[in-house]
Every structure is written in C-alpha cells, then in structure tokens.
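Now for the letters of each chain:
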Amino acid sequence: METLNAEQLNFEPVVVGFTCNWCSYRAADLAGMSRAKYPANIRLVRFMCSGRLDPVFIMKALKGGADGVLITGCHPGECHYLEQNYKALKRFKLLRRMLSQFGYEPERVQLVWASAAEGTYLAHQISRVVEEIRALGPLHRASDTPSFELIGDAQLQEATV
Amino acid sequence: MKQERIGVYVCHCGSNIAGTVDVGQLSSWAADALEKRGVVVARDYKFMCSSLGQELIKSDIVELSLTRVVVAACSPHLHEKTFRTACQQAGLNPYLMEMVSLREHVAWVHSDKALATQKAKALISGAVERVALHEPLDPISVPIEATTLVVGAGISGIQAALEIADAGQKVVLVEREPSIGGHMAQLDKTFPTLDCSACILTPKMVTVGSHPNINLLTWSEVEAVDGFVGQFTVTIRKKARYVREDVCTGCGICMEKCPSKLIDQVYEAGLGYRSAIYRPFPQAIPKYPVIDKANCIYFQRGKCKACQLFCPTTPNAIDFEQEDQILQLTVGNIILATGYDLFDARRIPQYGYGRLANVFSSLEFERLCNAAGPTEGKILLRDGVSQPESVGIIHCVGSRDRNYNNYCSAICCMQSLKFAHLVKERTGAKVTNFYIDIRTPYKDYDEFYQHVLQEKVEFVRGRVAEVTDAARRPGEEGKLIIQVEDTFIGKQRRIPVDMVILSAGIEPRHDSKEVSRKFGISCNGSGFFTELHPKLDPVATMSKGIFIAGCAQGPKDIPASVVQGAAAAARVLGTIQQKSLDLEPVLAQVIDQKCSGCRICSNLCPFNAIGFDLERQISTINPALCQGCGTCVSACPSHAISGTQFSTEQILAQLHGLLAESFNGNGARTQSPAFSQAELV
Ligand SMILES: Cc1cc2nc3c(=O)[nH]c(=O)nc-3n(C[C@H](O)[C@H](O)[C@H](O)COP(=O)(O)OP(=O)(O)OC[C@H]3O[C@@H](n4cnc5c(N)ncnc54)[C@H](O)[C@@H]3O)c2cc1C
Ligand code: SF4
Ligand code: SF4
Ligand code: FES
C-alpha cells in the first residue's frame with residue numbers, strides 16, 4: 001500500500017450488509033436489544049434468505065460507492081429454507097476469486113454466519129469487518145475509474161449457478 | 001413512470017430513537033430532500049405504533065392520496081404487521097409499506113448522534129426508492145379439502161387418525177403392512193406402568209377398523225404426491241391381497257392349511273413362523289389375510305391353492321387373479337407417522353448377535369415375553385426349553401456411539417429396566433444391566449428405576465467391549481461372557497451369563513429419505529424428519545399442510561408418540577375449520593417470455609416448487625409451494641424469474657437510495673457514486 005493521503009486519513013468506509021430475514025436480521029435486532037455497539041458505517045439490507053444473494057448486488061454496491069460488502073446468513077444447516085445458504089457460500093467463494101482476478105482486495109467482501117441468538121457476536125463481526133475495510137482504504141478515488149465495468153452480467157451469472 | 005406519492009413516518013419511540021437520532025431533522029430532511037423522489041409528506045411522532053400514530057398515517061393516506069408508506073421505527077419483526085394493517089384499513093395495499101429499523105439497527109447500536117442520523121437518512125432513502133417499486137399483493141387463498149391423509153398406522157398415526165375422525169372429518173389411513181398397529185403391537189408390557197401393550201392398543205385398532213370416517217388402506221403405499229396444501233393429489237398403490245375383503249370372514253383356516261411356512265422376520269422379529277397366506281397376529285386389523293406372493297407355492301410353481309380349497313366361504317374369498325389397484329385421492333393435509341426401524345445389532349460384530357445363539361435383540365425379547373408370542377410368554381433360551389439362570393442386558397446398543405448413531409434413542413434405558421423387571425419376575429434369574437448413564441426423565445420413570453433397584457438387579461457402569469463364548473476361567477464354560485470395563489472400580493470384568501439382551505436403538509426408517517423426498521419435506525443427517533421448529537413447532541414442516549408425528553420425527557416413547565399424533569391432528573383440524581388458507585404472497589414468478597427452458601432453477605428449489613410446462617417448454621412456479629427464499633431468482637441466467645417483494649429492481653433501487661445518501665454531506669468522500677437509477681432498468 002502506498003502511504004496514506006489526506007483522503008484516506010479521515011476515511012469513513014461505507015459497508016453494505018446483506019442479511020437474511022430469519023437469522024442474521026434477527027441477530028441484528030438482538031444486537032440492538034442488547035445495546036451492543038458497532039460503527040455506523042454499515043447499512044443493512046434485508047432478503048428473505050442469503051440464497052437470494054445475487055453477485056450483481058455486490059458488484060453494483062461496490063461500483064455504486066460502497067467500500068466493502070458484508071454477507072450474512074444463518075449458520076450452515078440452519079437456513080430457514082433448508083440449505084440455501086450453502087448456495088450463498090458457493091457464490092461468495094466464486095465472487096472473491098473474481099474480485100482478486102480484477103485486481104481488488106477479496107477482503108472487501110466478507111461472509112459471516114450469525115444465528116438469531118448471536119446479536120453481540122454479529123456486532124463484533126460488523127466492527128471487525130468495518131475496521132478491516134477501513135484499513136484497506138477507499139475503493140474509489142477521484143482518479144480511479146472502477147474497472148468493474150469490465151464484468152458483464154453474463155460473467156456474473158456464471159458465478160451464480 | 002407515474003410518480004408515487006410517498007409518506008415517511010419517523011418514530012421517536014419515546015427517547016429510544018429520539019435520544020440518538022435527530023428525528024426532527026430527519027423528517028424535515030425527508031420532506032425536503034426526498035421530495036423529488038416522491039415524498040409528499042414526512043412526519044415524526046412520539047409513538048408511531050400507538051393508535052394515534054397509526055391514525056396519523058391512515059388519515060394521510062386518505063387525505064393526501066398516498067400510494068406508498070415508509071415507517072422508520074423499530075424492527076419489522078415487531079411491527080410490520082401493525083403498520084401493514086393500518087395501511088390496509090385506510091385502503092392502501094399492505095405490501096406498499098416498507099419499514100426501516102431505526103431503533104434496533106441505528107439508535108440502540110450507535111452513540112454518535114450525527115453519524116446515526118446520517119445512517120438513518122441513508123436507510124430511509126433506500127426504503128423510499130425501494131417502496132416506489134413495490135407492487136400491490138393479495139394473499140393467495142387456497143381452499144382446504146377436508147379429507148386428511150395419514151401415512152403409517154403405528155400408535156402415533158392411529159392417534160392422529162382417530163382424533164380427526166372423531167372430530168367428524170374424513171381420514172384416509174395408509175399402512176404398508178397387512179395390519180395396523182406398528183411396533184406397539186409387538187410389545188409385551190409397556191413401561192412404566194407395565195400395562196399390557198395389546199390391551200391398550202387393540203381397542204384403538206378396532207375403533208380405527210370400524211370408524212365410519214376412516215378409509216383404512218392396509219397393504220398399501222403412497223406412490224406419488226402432487227399439489228400443495230389444501231389440494232394434494234396422492235396416488236396410492238393398494239397391493240393385491242389375493243383375498244376378497246367383501247367375502248373373507250377372517251376365520252383363518254387358510255393360514256392353518258397353507259403348506260408354505262417361513263420365519264416371520266417382521267412381526268415375530270425372526271423368532272416365530274408364519275405361512276405364505278398370513279395376517280401378522282390374531283388381533284390384526286383388518287382381519288383379512290394377505291398372500292405373500294414371493295413365498296406362495298401356487299404363485300411360484302403354479303400348483304397348490306390349498307387356501308382356496310379349504311376356504312369355507314361362497315363365493316370363495318381367495319382370488320388369485322386380483323391385481324394391484326391404483327387410487328387417486330385429493331386430500332387437504334398430510335400427516336406422516338412412519339415410525340422407526342430397530343438398529344440392526346449385527347452391525348456390532350463383537351456383540352455376537354446373529355452368531356451367538358443366546359444373544360437376543362430387544363424386539364426378540366418382547367416377543368419371548370409376550371403370551372401370544374412363539375414361547376407363549378416363557379423366557380427361554382434359543383433351544384426353546386431351558387430357562388436362563390443369569391441374564392445380561394446391554395443398554396445403548398448402536399446409540400450414543402460415534403461409530404453408529406450419536407444420538408440417544410430415548411427409550412432404551414426404560415426398556416432395559418422393564419426387561420430386567422420382567423426377567424426377575426418370571427424367572428428369578430440373576431440380572432445385570434450394563435449402562436453408560438441411566439436416563440429416566442418423565443413422569444413415574446425414575447420411580448420405576450428405584451423399584452427395579454430394589455428387586456436386586458445389578459448395575460455395571462461401562463460400555464461393553466465384547467460378548468464371547470470363549471471361556472477362559474472356571475465357571476465360564478458354556479456361558480456367554482460379557483467383557484466390560486467397570487468404570488466405578490476402574491477394572492476390566494468378565495461376567496458370565498446364559499442370555500444376553502441387546503437394547504438396540506431406534507433408527508429412522510431405511511427409506512425415510514426417499515419418503516421425505518416424495519412428500520417434499522426434509523430429514524436431519526440421521527434421517528429423521530425435520531420439524532418446522534424444534535421447540536415451538538414440533539409437528540409442522542417447512543412444507544405447508546404436511547405434518548409429522550411419532551418416531552419418524554425422532555426417537556420417543558409411546559406417550560410422546562401419542563401426544564404428537566394428537567398435536568398433528570389438532571393442527572390439521574384447525575386448517576380444515578378455516579375452510580381456506582391465506583398464503584403469504586411473497587414468492588417467485590417465472591416471466592414466461594424470458595424463460596429459455598434451461599431448467600437450472602428447478603434443481604435449486606428446496607420445496608420442489610418449480611415444475612416444467614412441457615408444451616410451452618418453460619418452467620413454472622407453484623405459488624402454493626414456493627416459500628419465497630429467492631434462490632431461483634438469483635440463479636436464473638435469463639433473468640426470467642422475478643420475486644414479488646424481492647425483485648432485482650427493488651433491491652437495486654434500495655441499494656441506490658442507500659448509497660446515494662451515504663455520500664451526501666459525508667465530507668470524507670469525494671467521489672459520487674457511478675451508479676445511477678437509470679442503470680437499473
Ligand atoms: C423393544 C422395544 C420396546 C419398547 N417398549 C416401550 C414401552 O414399554 N413403553 C413405551 O412407551 N415405548 C416403548 N417403545 C417405543 C415404542 O415402540 C414407540 O414409541 C412407538 O411404537 C412409536 O410409534 P410410531 O407410531 O411412531 O411408530 P411405529 O410403531 O414404527 O409405526 C409406524 C407405522 O408406519 C408404517 N409405515 C412405515 N413406513 C410406511 C410407509 N412408507 N407407508 C405406509 N406405512 C408405513 C409401519 O408399517 C408402522 O405400522 C419400545 C420400543 C422398542 C424397540
Ligand atoms: S432457470 Fe430461468 S430460464 Fe432456466 S428454466 Fe428456470 S426460469 Fe426458465
Ligand atoms: S423462491 Fe425459493 S422456494 Fe420459491 S420457487 Fe424459488 S427456489 Fe423455490
Ligand atoms: S434463511 Fe437465513 S440463510 Fe437462508
């Protein structure tokens with residue numbers, strides 16, 4: 001990494017978090033009820049299941065200005081829809097490989113399983129992920145043209161199935 | 001595109017939200033900054049969920065002709081229903097409302113008011129963009145056919161069928177064996193009260209057999225299941241009995257006269273004989289025998305017909321020309337009560353079952369004890385004459401063992417104690433039980449254990465290493481020697497006995513995975529059916545209209561099996577009473593014109609909701625089976641599947657709103673997002 005410039009020094013990353021309705025969204029609810037604190041940099045989006053996770057969402061989020069993405073879902077074996085989170089896991093792994101192929105730090109996309117009982121755990125994980133992404137620095141700089149344009153939807157879809 | 005008229009409502013939740021988020025600023029910002037995105041009114045109020053708060057929303061919907069509503073308050077898991085109902089009462093489709101969790105996801109987890117307010121803006125901005133793309137939805141109402149299918153007529157299936165039939169509703173009860181009764185019909189006495197199993201079971205069986213509301217189909221199996229809750233179409237194969245039920249009197253002469261005798265592996269657990277034409281036991285329901293084709297001399301060699309010759313009825317009840325019947329029925333709900341298989345103790349070779357004559361399985365012992373069994377209730381060694389003077393009972397065979405099943409079979413401790421008591425009572429033999437832990441929860445169970453202790457039954461704690469007939473010491477000749485580490489004294493012991501009983505565990509039916517697939521439910525790793533919720537919804541499954549009961553769901557004793565049978569029946573009766581069921585309209589839909597017919601989606605659906613229209617060569621989604629997980633939506637390479645309430649457009653719109661607002665006023669960021677609403681379409 002190059003030395004930090006002014007832009008990076010007061011850098012507040014924006015992290016989009018995808019949650020499933022049954023476990024991880026409820027974990028986030030419980031984090032609230034337990035008053036577990038985590039940085040305000042995360043913005044959660046709710047799906048019914050992590051199986052709905054389309055790599056397009058992640059790429060668009062990164063392209064649209066997010067510095068990182070956190071994927072969450074029920075623990076393996078506990079998905080409300082039986083085993084859709086294994087599909088999410090597969091997509092996540094493919095996506096990470098793609099990210100590094102395009103020259104981006106794969107750590108910008110992270111995966112955390114959290115049950116509805118793991119509010120404090122999820123809060124800790126969010127804090128960890130935000131700090132790791134903060135350390136990576138901004139994804140977008142004024143001088144950058146994000147090369148994500150290179151990835152067509154067709155390639156993304158291959159990662160999906 | 002028509003501009004929506006959106007109302008934004010920010011809740012203070014007393015000081016819960018207002019303490020950390022600048023709610024006043026938030027609502028004036030929303031009215032101002034989001035105006036171009038359709039927000040026509042934004043208000044903040046102390047308690048949005050109170051009746052006054054709801055009134056505020058309702059009157060705005062009417063007065064300002066709102067077409068969309070965003071409520072920024074607590075978690076949707078708390079109040080989504082409240083605000084949906086409020087919208088509906090004001091004439092707005094409930095699915096045109098979106099909630100933002102300001103309390104749980106912002107106010108309670110952040111401390112910096114400026115940052116929290118900034119995040120709240122981003123979330124509201126996302127919700128506003130998303131809700132604009134929401135579509136009005138109506139719950140899918142499915143009529144409930146009143147007839148219920150119960151599969152498996154062990155005690156739990158019998159209980160379920162009787163509860164429903166007694167409530168005045170029709171039941172089709174399908175049993176694969178020639179008689180109903182299941183495992184309970186094989187047992188002698190039942191713990192902890194030691195009532196005779198047949199005495200408490202037979203009356204129920206008789207009621208089932210004669211109940212006007214029960215259509216009993218024994219010697220039958222379900223071949224296929226189609227459709228969904230309320231309207232399942234089931235295909236049942238009623239195997240040919242070769243005995244006419246309309247004329248047979250059940251006199252049993254045919255069974256006596258049949259020259260083909262063979263070992264009864266099912267009902268008598270291999271200890272007794274039956275003929276090729278048989279009913280498993282005298283009190284069988286129905287009373288009509290069946291011809292087991294594979295062992296019938298006529299069917300195999302073309303000659304015999306002894307049964308027909310001796311059958312006293314006119315017309316003759318034996319009909320060699322009978323054929324399997326295929327029945328198609330419509331049922332509204334299904335209860336699966338297919339029970340369990342006994343762990344096959346041959347899988348533990350060192351215990352000698354199947355090799356050493358006087359090693360018995362638990363079910364064999366039940367038959368030995370049973371007055372109607374092969375020894376007329378006398379506890380005898382395999383030679384059929386000598387009584388054992390010493391008996392060893394081994395607990396947990398095949399259970400709590402990494403090599404076989406990790407789980408506890410729940411009944412073996414009590415069953416082993418019952419065996420110890422019966423041996424003591426009937427033979428006075430010396431009894432030693434070998435156990436890992438004694439597990440006797442539930443009413444009167446531990447009292448039973450205390451009672452058995454007083455009968456001077458010996459207990460050795462330790463997992464048995466081996467049962468052998470190789471004598472090494474005086475006194476061991478001609479005996480079975482149980483080799484065990486007694487963990488109380490920390491020593492290896494060799495205990496010679498005449499008879500060994502293996503308390504084999506309860507396993508899922510060998511075909512439980514196949515059955516679960518047929519009915520579209522799931523199994524755990526071992527093969528027991530999976531319930532919707534292990535504590536709060538133990539008899540429902542993820543597939544609506546399909547319930548489970550008894551040992552098919554997991555190891556349990558008779559009282560628990562009965563409770564589940566009754567519980568499943570209560571759930572079914574509840575839906576029958578409603579006459580129709582409203583299903584959540586949150587689901588996936590195939591856009592016909594876009595589907596290429598690749599069928600990638602169909603394998604991904606965990607609920608078999610995706611079918612294929614052969615004529616049009618496109619996939620179709622059954623709305624009553626789809627649970628709305630969205631997996632197929634993200635997997636379709638042709639973008640041919642859309643999700644109501646979770647379409648790609650809606651999610652991308654939310655992301656756009658979220659990110660657009662994340663940069664406004666955030667001085668740290670220089671670059672504006674490259675992601676514009678125009679790109680979404
Ligand atoms: C040796 C032994 C002793 C026991 N003693 C006691 C005791 O003293 N007290 C006590 O409370 N519990 C006892 N139990 C436990 C008891 O047997 C069970 O709790 C009870 O029988 C479970 O009933 P069920 O209806 O769930 O299953 P089952 O009795 O197994 O009945 C299932 C039925 O479904 C049928 N079936 C299976 N698959 C299909 C299919 N695909 N289509 C159609 N029909 C199908 C089977 O033929 C069977 O009739 C004992 C168990 C054992 C092994
Ligand atoms: S994946 Fe898409 S294109 Fe393929 S069959 Fe399913 S709906 Fe049709
Ligand atoms: S959304 Fe899920 S449940 Fe519905 S059809 Fe698609 S994969 Fe099946
Ligand atoms: S429902 Fe949580 S991952 Fe599927």
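Throughout, residues of each chain are indexed from 1 in the direction in which the sequence is written. Key to labels: chains lettered from A, ligands numbered from 1, both in the order written. For this predicted model, a pLDDT threshold of at least 70 governs which residues receive local features, and a threshold of 80 or more governs which side-chain atom pairs are given and counted, while totals over whole chains, interfaces and linings are taken from all residues. Computation of side-chain values: all heavy atoms of the structure, hydrogens and water removed.

**Examining the sheet that holds strand β2 (residues 39-45) of chain B**
All names here are of chain B. Two strands pair under a simple rule: DSSP has to find at least two bridges between them. A run of H or I in DSSP becomes a helix once it reaches four residues, and a run of E becomes a strand once it reaches two; helices and strands are each numbered from the N terminus. Ordered by their spatial adjacency, four strands build an open sheet running β2-β1-β3-β4, and the pairing between neighbours is parallel. Where the open sheet ends on each side, the last strands, each with one partner, are β2 and β4 (97-101). Going across the sheet, the axis of each strand differs from the next one's by a mean of 15 degrees, ignoring polarity. The pairing of strand β1 (residues 6-11) with strand β3 (residues 68-73) spans five bridges and is classified as parallel. Considered in β3, the bridge of tyrosine 9 is made with valine 71. Packing of helix α3 (residues 76-89) onto the sheet brings it into contact with β3 and β4, and relative to β4 it is tilted by some 150 degrees. Whenever a helix is involved, its axis is fitted only over the stretch in contact; in every case the axis is a line through C-alpha atoms, and angles between N-to-C directions fall within 0 to 180 degrees. Residue contacts are counted whenever heavy atoms from the two residues lie within 4.5 Å of one another.

**Some words on the packing of aromatic side chains**
Residue and element names in this part refer to chain B. Stacked, tilted and edge-to-face pairs are distinguished by plane angle, under 30 degrees for stacked and over 60 for edge-to-face with tilted covering the rest, among Phe, Tyr and Trp rings (Trp via its six-membered ring) whose centres lie within 6.5 Å. Scanning the entire structure with this criterion turns up 17 aromatic pairs over all chains. An angle of 50 degrees between the planes, with centres 4.5 Å apart, marks the rings of tyrosine 298 and phenylalanine 320 as tilted. Of this pair, tyrosine 298 sits in helix α9 (residues 297-301) while phenylalanine 320 sits in the loop between α10 (306-310) and β17 (325-331), placing them 22 residues apart in sequence. Comparing tyrosine 298 with phenylalanine 320 shows no difference in burial state: the two are buried. Following the ring pairs from residue to residue traces out a cluster consisting of Tyr242, Tyr298, Phe299 and Phe320. Partly exposed describes any residue whose relative accessible area lies between the buried limit of under 20% and the exposed limit of over 50%, with all areas from a 1.4 Å probe on protein chains only and scaled to the type maximum.

**Concerning the pattern of salt bridges**
Side-chain pairs of opposite charge can arise where the charged atoms are in close proximity. Between Lys or Arg on one side and Asp or Glu on the other, a salt bridge is scored when a side-chain nitrogen of the former is within 4 Å of a carboxyl oxygen of the latter. Throughout the structure, instances matching the rule amount to 38 salt bridges over all chains. The partner of aspartate 188 of chain B in a salt bridge is lysine 189 of chain B, and the shortest N-O contact between them spans 4.0 Å. One salt bridge connects aspartate 341 of chain B with arginine 509 of chain B, and the closest N-O pair in it is separated by 3.0 Å. One end of the pair, aspartate 341 of chain B, is in strand β19 (residues 340-342); the other, arginine 509 of chain B, is in the loop between β28 (506-508) and α14 (512-519), and 168 residues separate them in sequence. Taken together, the shared-partner salt bridges in this structure form one network comprising Glu12, Glu131 and Arg134 of chain A.

**Here we look at the site of ligand 3**
A cutoff of 4 Å decides nearness: a residue is near a molecule or strand if any of its heavy atoms lies inside that distance of it. Taken together, the residues surrounding ligand 3 are Ala588, Cys605, Phe607, Ala609, Ile610, Ile621, Cys626, Gln627, Gly628, Cys629, Gly630 and Cys632 of chain B. Under the scheme applied, nonpolar residues are Ala, Val, Leu, Ile, Met, Phe, Trp, Tyr, Cys and Pro; charged residues are Asp, Glu, Lys and Arg; polar residues are all the others, including Gly. Partitioning the shell around ligand 3 into residue classes produces nine nonpolar, three polar and no charged.

**Some words on the state of the cysteines**
Residues and elements named next belong to chain B. Only a pair of cysteine sulfur atoms within 2.5 Å counts as a disulfide in this structure description. Inspection of the entire model under this criterion finds one disulfide over all chains. Between the sulfur of cysteine 196 and that of cysteine 199 lies a disulfide, 2.3 Å long from S to S. The sign of the 90 degrees torsion about the S-S bond sets the cysteine 196-cysteine 199 disulfide as right-handed. Overall, the relative accessible area of 22% leaves cysteine 196 in the partly exposed class. Taking relative accessible area as the criterion, cysteine 199 reaches 52% and is therefore assigned exposed.

**A look at the interface of chain A and chain B**
Listed by partner, the interface residues are 53 residues for chain A and 55 residues for chain B. Carbon and sulfur atoms supply 60% of the area that chain A and chain B bury against each other, a total of about 4,700 Å² over both sides. Put simply, chain A and chain B have one salt bridge between them. Of the charged contacts, one joins arginine 46 of chain A and glutamate 80 of chain B as a salt bridge, the two residues approaching to 3.0 Å between their closest N and O atoms. Each polar contact in these results corresponds to two N or O atoms within 3.5 Å; when the atoms are within protein, one needs to be able to donate a hydrogen and the other to accept it, and residues that are neighboring in sequence are counted only if both atoms are side-chain atoms. Remark: the boundary between chain A and chain B carries 17 residue pairs in polar contact (both at pLDDT 80 or more). Secondary structure elements with two or more residues in the side of chain A that touches chain B: β1 (15-20), α2 (24-33), β2 (42-47), α3 (55-63), α4 (84-101) and α6 (153-160) of chain A. Of all the elements, α2 of chain A adds the most residues to the side of chain A that touches chain B, at seven residues. When grouped by side-chain class, the residues that make up the side of chain A that touches chain B number 26 nonpolar, eleven polar and 16 charged. Buried area is understood as the total, over both parts, of accessible area removed when two parts are fitted together, assessed with a 1.4 Å probe.

Function-wise, these values are silent; they only describe arrangement.
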